[in-house]
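Geometric and topological summary
This is what each chain is made of:
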2 protein chains.
Amino acid sequence: MAAPLEKTKVGIVGMGTVGSGVAKLLLDYGDRTARHAGRTLWLESVVVRDFEKPRGVELPKGVLTDDLTKITKNPEIVAVAHLVGGLEPARTILLDLLESGKDVITANKALLAEHGPELFDRARALGRSIAFEASVAGGIPIIANISQCLSANQIESLLGILNGTSNFILTQMEERDADYDEAVREAQRLGYAEADPTFDVDGRDAAQKLAILAHLAFGARVHWSQIPRQGIDTLDVIDLRYAKQLGYRIKLLASAQLVEDALELHVSPTLVKIGTPLAEVRGAYNAIAVVGDAVGRLFFHGLGAGQMPTASAVVADMIDTVVGRTGITFRTLELWSNREARVTQRDYDNVLGRYYMRFRVDDHPGVLAEVAGALGRASVSIASVLQQETDQLRPGENHVGPQSAGESIVDLVIMTHKASEGAARRAMEDISKLPSVRPGSVRLRIRG
Amino acid sequence: MAAPLEKTKVGIVGMGTVGSGVAKLLLDYGDRTARHAGRTLWLESVVVRDFEKPRGVELPKGVLTDDLTKITKNPEIVAVAHLVGGLEPARTILLDLLESGKDVITANKALLAEHGPELFDRARALGRSIAFEASVAGGIPIIANISQCLSANQIESLLGILNGTSNFILTQMEERDADYDEAVREAQRLGYAEADPTFDVDGRDAAQKLAILAHLAFGARVHWSQIPRQGIDTLDVIDLRYAKQLGYRIKLLASAQLVEDALELHVSPTLVKIGTPLAEVRGAYNAIAVVGDAVGRLFFHGLGAGQMPTASAVVADMIDTVVGRTGITFRTLELWSNREARVTQRDYDNVLGRYYMRFRVDDHPGVLAEVAGALGRASVSIASVLQQETDQLRPGENHVGPQSAGESIVDLVIMTHKASEGAARRAMEDISKLPSVRPGSVRLRIRG
């Protein structure tokens, strides 16, 4: 018979959805963690703000507390899952944990994206570590894959569907031909969107995750707010319909690409060819396509959120932390150290791409020539044009007002060849001033 | 300015395709390995059998040798990439490296599948480690993902396209409507198949990889030869055509599935629904779908072979080894230790599945009833039937011989509901004895 396993004491701060999942894995499935860690991870303390709130998991007597010092003043607790959302008091709690000698595992991507340099520098100075697999893409182990498994590569590009809420809404819009508001309500009803989904749908959440990945993969030191972003909150279902006609789906892509030693970063609703892996990512799933110069193209697909996928990442990090792997990674990678950035961000105006443009134009001869002329003057060349009676794809729309009096309005959809962001933006501005062009022009990126 | 980095000396044994790739990464891209390892990996010695053979990479003077003791007797070399194929002298060389105190990184899956327990036990006894990410699925970091990133999960199933040669041949057969021999010749011409592709196409290579993954994911101790397997070498292009008509592609799947605490293992050409991720894996790519009880379904896709993808995995392992992560993993995981197996293999006869069956039958009334009757007696129930004039899908075939004299022969394709392997096999045996059924019946698995 084997000798009894050594116990390593751990703690949890924050007992929301993910915290409950972590407690469940530690308490109900201790054999697994023991098998992979070579010791028992003993859940000693769980700190919550509101002691009285009902929890989804039953904790042993004496474990639950609302007093953080039960962890910080207990030298036997070596690693703590920090599952507190928002910036404060999350930041202060994380610093307190580090100061008291704990290694920390966190799922708080907003905190890392905002205060990463401070937190990582402090951990390093104290000889502690911060693990954060759960902060990006939930159950997909993208942090470990980029920072360890692909360490022999120069990463060349990284393209991800990193916000499950947005992807769920887009999938709803496409599959049920629902407009944005209707799809958001359905996502809220099913628990895939919060009551206020702003941070998910405006691209902020994806930009914060992209900032973390770009730091790991490229040594970029770009604050998330410096990443140009567009969310899905302004999308019209009609553009999903046109995209489909043209053989595309619209996905919210977070993109980091190394082009001639500069890093192009942006978060954009993007037309992705149907049949390619990223286009087939449905519902609340996340996915990431990484290209490394040695390994070629790797594709990861999995659940980007949810209680147990995220808890899976937290507990794996906890095991890595107590066995010592995280400490090694943390020291050798010099995460967020004040070393120089290895790469600079390209001015967004100079980023090249192909574009889908839709204009609402008066249906009279010569309007295409006017629009095409404006594009030509901005050096944006046209790959294809689709002009369609508006009614065909807007079945529910009532044509009242000026446009029904005489002339009708049609949608003019143009797919461009490669052009710079700046040129495309200027072309759009010029076109919007044309007398035949009505307000409400749309410009989206096309992948590839 | 930073202090000069510490040097850690490493070696390579074997300078074939992968060895040259590893040398290239170490010599030409030392900054990367230094950045991830916090030290320079210094390539001190490369041991080859034939000193005179031309190499694809230029080595510094004095590095190349045909004397293994240049590594084993040099105490400064701490980690060695073992890139020697076959079983002997590969086994002896690996043991020599361990005995001389080196940590080993190997890509030799056949060696691990055959002698894993001996090699791993010896490494453990000597306090050394063996890393083997490159042995399965080339550039896809599936070993690290299963043994570290998913450590909080009970893996429930693992389904992989693990042999790139077979997948390339199947893709050729499907896309060019080519028969097996023609597709093999094309694969050989393009370098995706060896002159003798037996081990790739008969399912052996996939079974060896599956044995390694099943050990890691389930604690199974199953020798690869105990895994039921069928290769692609007996496939007829006509079955790919029928599969396509029915909405499926045929893929060589390596499958491990935990069902009621027993492990079902097999390697089988399998009909996979078009549009699902595994069906869309083309050419020489590999892919693995893993289901964990916490994380849900994860999908990995990437290049399963080739010089640089495999070298990428070897060098990542080398970095993990010299920084100490591999040693920790190796000790805590107790790989291939003589602890009891955690799971037993289910008798293949009791493994349930759906089946595609094709029979060549005389086209006379009553034959379907005879076949259906035999299936019914074996308790195999029919989901759908496709009966077609043979000529329609066999355009090039000449109808001479007995069947052209009077009665014609038709293909009868049956898709079954779930049945046990044993029942399906017995049904096939019975059916083949029916007077209206000609030789050459085919049975393939259907996924799901």
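None of these values were measured; they are calculated from a predicted model. (Residues numbered from 1 in each chain as written. Chains lettered and ligands numbered in written order. Predicted model: local features only at pLDDT ≥ 70, side-chain atom pairs only at ≥ 80, totals over all residues. Heavy atoms only, no water.)

This structure, assessed with the given rule, holds 0 disulfides over all chains. With no disulfide of its own, Cys149 of chain A lies 5.8 Å from the sulfur of Cys149 of chain B, the closest cysteine sulfur. (Disulfide = S-S within 2.5 Å.)

The subject of this paragraph is the domain arrangement of chain A. Residues and elements named next belong to chain A. Here the domain parsing of chain A yields domain 1 (7-135), domain 2 (149-302) and domain 3 (348-446). Computed from C-alpha atoms alone, the centre-to-centre distance between domain 1 and domain 2 is 29 Å. Each side of the interface is counted separately: domain 1 has 7 residues, and domain 2 has 7 residues. Roughly 620 Å² of surface becomes buried between domain 1 and domain 2 when both sides are summed, with 63% attributable to carbon and sulfur atoms. Summed over the shared surface of domain 1 and domain 2, the result is 1 salt bridge. Where domain 1 touches domain 2, the interface holds 3 residue pairs in polar contact (both at pLDDT 80 or more). Here the side of domain 1 that touches domain 2 is built from residues that sort into 4 nonpolar, 1 polar and 2 charged. (Domains from an automatic or database assignment. Contact = heavy atoms within 4.5 Å. Buried area = accessible area lost by both parts, 1.4 Å probe. Salt bridge = Lys/Arg side-chain N within 4 Å of Asp/Glu carboxyl O. Polar contact = N/O pair within 3.5 Å; in protein donor to acceptor, adjacent residues only side chain to side chain. Nonpolar A, V, L, I, M, F, W, Y, C, P; charged D, E, K, R; others polar.)

In this section: the sheet that holds strand 4 (residues 77-82) of chain A. Residue and element names in this part refer to chain A. The strand order across the open sheet formed by 6 strands is 3-2-1-4-5-6, and the pairing between neighbours is parallel. Sheet topology places strand 3 (64-65) and strand 6 (130-131) at the edges, where each strand pairs with a single neighbour. Bridge analysis of strand 1 (residues 7-13) against strand 2 (residues 40-47) gives 7 bridges, and the strand direction is parallel. Note on strand 2: the bridge partner recorded for Lys9 is Trp42. The sheet contacts of helix 4 (residues 90-99) involve strand 1, strand 4, strand 5 (103-106) and strand 6, and relative to strand 4 the element is tilted by about 165 degrees. (Pairing = 2+ DSSP bridges. Helix = DSSP H or I, 4+ residues; strand = E, 2+ residues; numbered from the N terminus. Axes fitted to C-alpha atoms, helices over the stretch in contact; angles between N-to-C directions.)

Turning our attention to the pattern of salt bridges. One pass over the full model with this rule turns up 58 salt bridges over all chains. Close ionic contact of Arg360 of chain B with Asp411 of chain B constitutes a salt bridge, the shortest N to O distance being 4.0 Å. Of the two residues, Arg360 of chain B sits in strand 13 (residues 352-362) while Asp411 of chain B sits in strand 15 (residues 409-416), which places them 51 residues apart along the sequence. Per residue, the accessibility class of Arg360 of chain B equals that of Asp411 of chain B, and both read buried. Each of Glu174, Glu175, Arg249, Glu280 and Arg282 of chain A takes part in salt bridges that share partners, so that together they form one network. (Buried < 20%, exposed > 50% of the residue type's maximum accessible area, 1.4 Å probe, protein only.)

All names here are of chain A. In terms of burial, strand 7 (residues 155-161) is largely enclosed, as 6 of its 7 residues are buried. The pairing of strand 7 with strand 10 (residues 285-292) spans 6 bridges and is classified as antiparallel. If you follow Ser157 over to strand 10, its bridge partner there is Val291. In terms of strand pairing, strand 7 meets strand 8 (residues 248-259) through 4 bridges, oriented antiparallel. Bridging from a neighbouring strand, Leu158 pairs with Ala256 of strand 8.

Turning to the nonpolar core, a few remarks are in order. The biggest cluster of nonpolar side chains holds 171 residues, and the ones touching the most others in it are Ile142 of chain A together with Ile142 of chain B. Not counting chain neighbours up to four residues away, the residues in contact with Ile142 of chain B comprise Glu133, Val136, Ala137, Leu213, Ile288, Val290 and Phe300 of chain B. In this structure, Ala23 of chain A together with Ala152, Ala313 and Val315 of chain B belong to the second largest nonpolar core, which totals 66 residues. (Core = buried A, V, L, I, M, F, W, Y, C linked by side-chain atoms within 4.5 Å.)

Residues and elements named next belong to chain A. Predicted confidence across chain A gives a mean pLDDT of 92, with 93% of residues reaching 70 or more. Across residues 398-405 the pLDDT falls below 50, and counting only partners more than four positions away or on other chains, this stretch makes 4 contacts in the model. Overall fold confidence for the complex sits at a pTM of 0.93, while the interface term, ipTM, reaches 0.93. (pLDDT = per-residue confidence, 0-100.)

All names here are of chain B. Relative to the 24 Å expected for 17 residues at 1.5 Å per residue, helix 12 (residues 307-323) spans 24 Å between its end C-alpha atoms, a close match to the ideal helical length. Within helix 12, 16 of the 17 residues are buried, which leaves the element mostly enclosed by the surrounding structure. Positive phi shows up at Gly324, right after helix 12, with a value of about 105 degrees. (Expected span 1.5 Å × (residues − 1).)

Further remarks concern unusual backbone geometry. Along the chain, Glu88 of chain A connects to Pro89 of chain A via a cis peptide bond; the corresponding omega equals 10 degrees. Looking at the secondary structure, you find Pro89 of chain A in the loop between strand 4 and helix 4. Although it is not a glycine, Glu260 of chain B sits at a positive phi angle of roughly 50 degrees. Considering the arrangement of structural elements, one finds Glu260 of chain B in the loop between strand 8 (248-259) and strand 9 (262-273). When its relative accessible area of 71% is taken as the criterion, Glu260 of chain B is described as exposed. The backbone of Ser379 of chain B sits at a positive phi, close to 60 degrees, despite the residue not being glycine. Checked against the element boundaries, Ser379 of chain B lands in the loop between helix 14 (367-377) and strand 14 (382-389). With a relative accessible area of 60%, Ser379 of chain B lands in the exposed category.

Along helix 6 (residues 142-149) of chain B, 8 of the 8 residues are buried, which leaves the element largely enclosed by surrounding structure. Those residues of helix 6 of chain B lying buried are Ile142, Ile143, Ala144, Asn145, Ile146, Ser147, Gln148 and Cys149 of chain B.

What follows is about a negative patch on the surface. All names here are of chain A. Residues Asp50, Glu52, Asp66 and Asp67 make up a contiguous surface patch of negative charge. Topologically, Asp66 is positioned in the loop between strand 3 and helix 3 (69-72). Of the residues examined, Asp66 reaches a relative accessible area of 48% and is grouped as partly exposed. (Patch = residues over 30% accessible without salt bridge, like charges linked within 9 Å, V, L, I, M, F, W, Y side chains within 5 Å. Areas by Shrake-Rupley, 256 points an atom, 1.4 Å probe, with all protein chains shown as cover. Lys, Arg positive; Asp, Glu negative; His and termini not counted. Charge placed at Lys NZ, Arg CZ, Asp CG, Glu CD.)

Residue and element names in this part refer to chain A. Checked against the element boundaries, Arg445 lands in strand 17 (residues 442-446). Separated by 2.9 Å, the side chains of Arg445 and Glu421 make a polar contact. Residues within four places of Arg445 in sequence aside, it is in contact with His266, Ser268, Pro269, Thr270, Leu271, Tyr348, Val351, Leu352, Gly353, Arg354, Tyr355 and Glu421.

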